[in-house]
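Here is how the chains run, residue by residue.
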Amino acid sequence: MNETELSSHEWWESYKETVNNDPEMDVRGHDKFSENFYIEIGDERVLVEMNGGEIAELVPNPTMNHQWSFGVEGDREAWEAFVQETPPAFNHEIIASHYRTAVRGEEGHLQLTGDNKKIFQHLRAFQRTLDLMRVAHNNGGN
Amino acid sequence: MEGTDMPTSYQPGDVEPIDGSYVHIDVEGVSHRVYYEENGPDDGIPLLCQHTAGNNCQQWRHLLTDEEITENFRVIAHDLPYHGKSVPPTTQEWWTDDYTMTAKKFTDTLVSLADALELEDPIYMGSSMGGNITLELADWYPDRFQALIGLECGAHSPGFYIDWLDHPEVNTTEVNAYACWGLMAPQSPEQSRRETMYLYEQGATGVFKGDLYYYSVDHDYRDKLDQVNADECPLYIANGEYDYLTTPEDGRQTAKGIGEGATAIELAQIGHFPMSEHPELFNAYIRELLADITGDRDEALPDVLEPDDVGIELHPPGPAREKPAD
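Because the structure is a prediction, the values reported are computed rather than measured. (Residues numbered from 1 in each chain as written. Chains lettered and ligands numbered in written order. Predicted model: local features only at pLDDT ≥ 70, side-chain atom pairs only at ≥ 80, totals over all residues. Heavy atoms only, no water.)

This next bit is on the overall build of chain B. Across its full length, chain B carries 10 helices and nine strands. Taking 326 residues into account, the globule formula puts the C-alpha radius of gyration at 20 Å, and chain B, at 19 Å, falls close to it. Counting only C-alpha atoms, chain B reaches 50 × 45 × 40 Å along its principal axes. Counted over contacts in chain B with a minimum sequence separation of 6, partners at least 24 positions apart contribute 75%. Here chain B displays about 13,200 Å² of accessible surface, and carbon together with sulfur accounts for 44% of that area. Each charge class in chain B can be summarised by its mean position, and for the 18 positive and 62 negative side chains these summaries are 5 Å apart. (Helix = DSSP H or I, 4+ residues; strand = E, 2+ residues; numbered from the N terminus. Rg over C-alpha atoms; globule rule 2.2 N^0.38 Å. Contact = heavy atoms within 4.5 Å. Areas by Shrake-Rupley, 256 points an atom, 1.4 Å probe, with all protein chains shown as cover. Lys, Arg positive; Asp, Glu negative; His and termini not counted. Charge placed at Lys NZ, Arg CZ, Asp CG, Glu CD.)

Our focus in this paragraph is the environment of Asp121(B). Residues and elements named next belong to chain B. Structurally, Asp121 is set in the loop between helix H3 (103-116) and strand E5 (123-127). You can call Asp121 exposed: its relative accessible area is 51%. Spatially, the C-alpha atom of Asp121 lies 5.3 Å from that of Phe145, the residues being 24 residues apart in sequence. Setting aside its immediate chain neighbours within four residues, Asp121 contacts Ile45, Pro46 and Gln146. (Buried < 20%, exposed > 50% of the residue type's maximum accessible area, 1.4 Å probe, protein only.)

The next point concerns the UniProt feature "domain: AB hydrolase-1" (unreviewed entry) in chain B. Under the UniProt annotation, "domain: AB hydrolase-1" (unreviewed entry) lies at residues 46-163 of chain B. When the span residues 46-163 of chain B is considered, its composition is 29% helix and 18% strand, and the gap between its end C-alpha atoms is 37 Å. (UniProt positions renumbered as here; feature names shortened; annotations may be inferred.)

Let us look at helix H6 (residues 190-200) of chain B. All names here are of chain B. Those residues of H6 lying buried are Ser192, Arg193, Thr196, Met197, Leu199 and Tyr200. Projected down its long axis, H6 carries its buried residues within an arc of 160°, all on one side. Structurally, H6 contributes buried residues whose contacts are with helix H5 (172-178), helix H7 (207-218), helix H9 (274-277) and helix H10 (279-294). (Arc of directions from axis to C-beta.)

Right, let's talk about the sheet that holds strand E5 (residues 111-114) of chain A for a bit. Residues and elements named next belong to chain A. The five strands are arranged E3-E2-E1-E4-E5 in an open sheet whose pairing can be described as mixed. Sheet topology places strand E3 (54-60) and E5 at the edges, where each strand pairs with a single neighbour. On average, adjacent strands in this sheet sit at an angle of 25° to one another, irrespective of strand direction. In this sheet, strand E2 (residues 44-51) lies alongside strand E1 (residues 37-41) in antiparallel orientation, the contact comprising five bridges. The residue of E2 that forms the bridge with Phe37 is Val48. Strands E1, E2 and E3 of the sheet are contacted by helix H1 (residues 9-20), whose axis makes an angle of about 160° with E3. (Pairing = 2+ DSSP bridges. Axes fitted to C-alpha atoms, helices over the stretch in contact; angles between N-to-C directions.)

A few words on the packing of aromatic side chains. Residues and elements named next belong to chain A. Counting across every chain of the model gives 24 aromatic pairs over all chains. A ring pair is formed by Phe37 and Phe70, whose centres lie 6.0 Å apart and whose planes are at 10°; its orientation type is stacked. Remark: Phe70 occurs in strand E4 (residues 70-74) and Phe37 occurs in strand E1; sequence separation between them is 33 residues. Phe70 matches Phe37 in its accessibility class, with the two residues each being buried. Each ring, one from Trp79 and one from Phe82, has its centre 5.5 Å from the other, and the planes form 80°; the classification is edge-to-face. (Phe/Tyr/Trp six-rings, centres within 6.5 Å; stacked < 30°, edge-to-face > 60°.)

This next bit is on the sheet that holds strand E3 (residues 45-50) of chain B. Residue and element names in this part refer to chain B. The strand order across the open sheet formed by nine strands is E1-E2-E4-E3-E5-E6-E7-E8-E9, and the pairing between neighbours is mixed. The sheet terminates laterally at strand E1 (19-27) and strand E9 (304-305), the two strands that pair on one side only. Sheet topology places strand E7 (residues 235-240) next to strand E8 (residues 262-267); six bridges connect them, and they run parallel. Bridge pairing in E8 places Tyr236 opposite Thr263. Helix H4 (residues 129-140) rests against E3, E5, strand E6 (147-151) and E7 of the sheet, and its axis sits at about 140° to E5.

The next thing to look at is the packing of H4(B) against H7(B). All names here are of chain B. Orientation of H4 relative to H7, taken along the N-to-C sense of each, is 45°, at an axis distance of 10 Å. The pairing of H4 with H7 is recorded here as oblique in orientation. The chirality of how H4 crosses H7 is left-handed. Touching Met129, Asn132, Ile133 and Glu136 of H4 are Asp211, Tyr214 and Tyr215, all from H7. For the contact of H4 with H7, the residue count by class is four nonpolar, one polar and two charged. (Parallel < 35°, antiparallel > 145°, perpendicular 65-115°, else oblique. Left-handed = near helix turned anticlockwise from the far one by under 90°. Nonpolar A, V, L, I, M, F, W, Y, C, P; charged D, E, K, R; others polar.)

Printed below as a string of C-alpha cells:
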C-alpha cells in the first residue's frame, strides 16, 4: 500500500505519471482522449486536463476560467473505497458506482456529472483513467 | 491455475471436445438458423445455457469443456438469432427495423430450441437477460424444464436501456463492452475479464441495446411474483457479489416473493458474467447447484457460496496489478 495519502500533492503527481505511462492509453483511439474532467473528493475538486490520452495539467479548485466536459463527485469514503487494491462491491468501477447513485438512489457512491454524450464517446479511456487512480494508489501495481 | 479445462493446460494439437451445429427453429412464425455448441453424453441430462445480452455462446466455453460436468450433463450453448453465428432470418427485411427483444420472443426462442433438439427434462441456465427470463419461463412454461437456474436474476432491472449504446457518434464496439466492465468482480482474472469484453465487441449494431429493451423495460415482475410457478419447476437464483444491476439482495427478495420452490444463493467474489469472467470459480460454484438439482447433495445450499467452500484459491493479481509480471 502506498504511504502517500489520497489527493495529496504527491499523490496527484504519482497519478499523473501512472496515467501518462499507461500502455492502454496509447491504443484503440484512447490517445484521442482530450476531454477535460474533474474529480471531486469530498469538497476538494481537481481538474484533470487531458491532451492526447495524457494528463497535461492538474488544476486544483478550477474556476470559470477553466473548461471541462464532465466530472465525478463523491465523498472521501467512497473514493477511499474506490482506490483500494480490491475495492468493495459497487464502489469498484465508475459505471457501477454511478448506477447505484443515479438509478437506485443510494448514498455513499460516486456520481457522474456533465455531458453524457462525451462520457460515452470516451468511455473506456475515461474509465481507464479513473481505474489508474487505484494503480497509482497501490504503488503502480509493483 | 488448477483444473484441467483451463486454457493454460492445452498443448499444440489438442482438440477440444466441443461440437458445433446449426438447427432450424420457428420463432413467432419466422424461421431462424440457430447455432449451438455441445459437449457431453447423448443421454446426459440436457443443460441448456443462455448467453447474456448482445453476447454469444462462447461465454460458456469453459463449462462446455468441464470434464466433471460433461460426464453427466449434455451441455448445450446456443447463439440467439442475430447473435454470434446465428444470422438474421433470410425471409425478413430485418434491416428496416431496430432489433428489439421481448419476453415473449425470448421464451418462444428457448422453448422452440428445446423442442427442436428434442430435449427431455432439460435444465435451463442463463445469466443476466438469460437469468431474468427464468421468471417468465416458470410463469409460462413450468412443464418444459426440469429446473431453472437464473444467474444474475431479478424481478426488475431498470436503467440499462441506454441510447448511447446504439449511436452513430459513439464507438459502440468498445462502449457496449466496457459499459459492462464494472459488472465483473475485480478478483476475477484479468485475462478472462478482457476476453468477456472481447466477446461483447463482436455484437452487431443495435443488438445489445435491443436485448436491453427486454432486460430493463419489458421484464418487470415486481407485482407478479406470485405467477412464477417455482413450486412446479424449481428455480435457483444465483447472483454475484459484484453484480450491481441485480444484487444478491435483489435475488433474495425475488426468491422470497416467489415462495415455494425458489432458492436464492449469493455467489461471493464474482460478478454478472460468472461463467466467462471467472470460469474456474463459476464451474466449482455451479457444481453445487447442479448437485442440488440432481439430488446428489445432502445438505441444503448455503445462503452464500464462497471460494473456500468449493476449494478455489483466488489468484494473486488484483485489480491494481494489471501489468504483466515481468
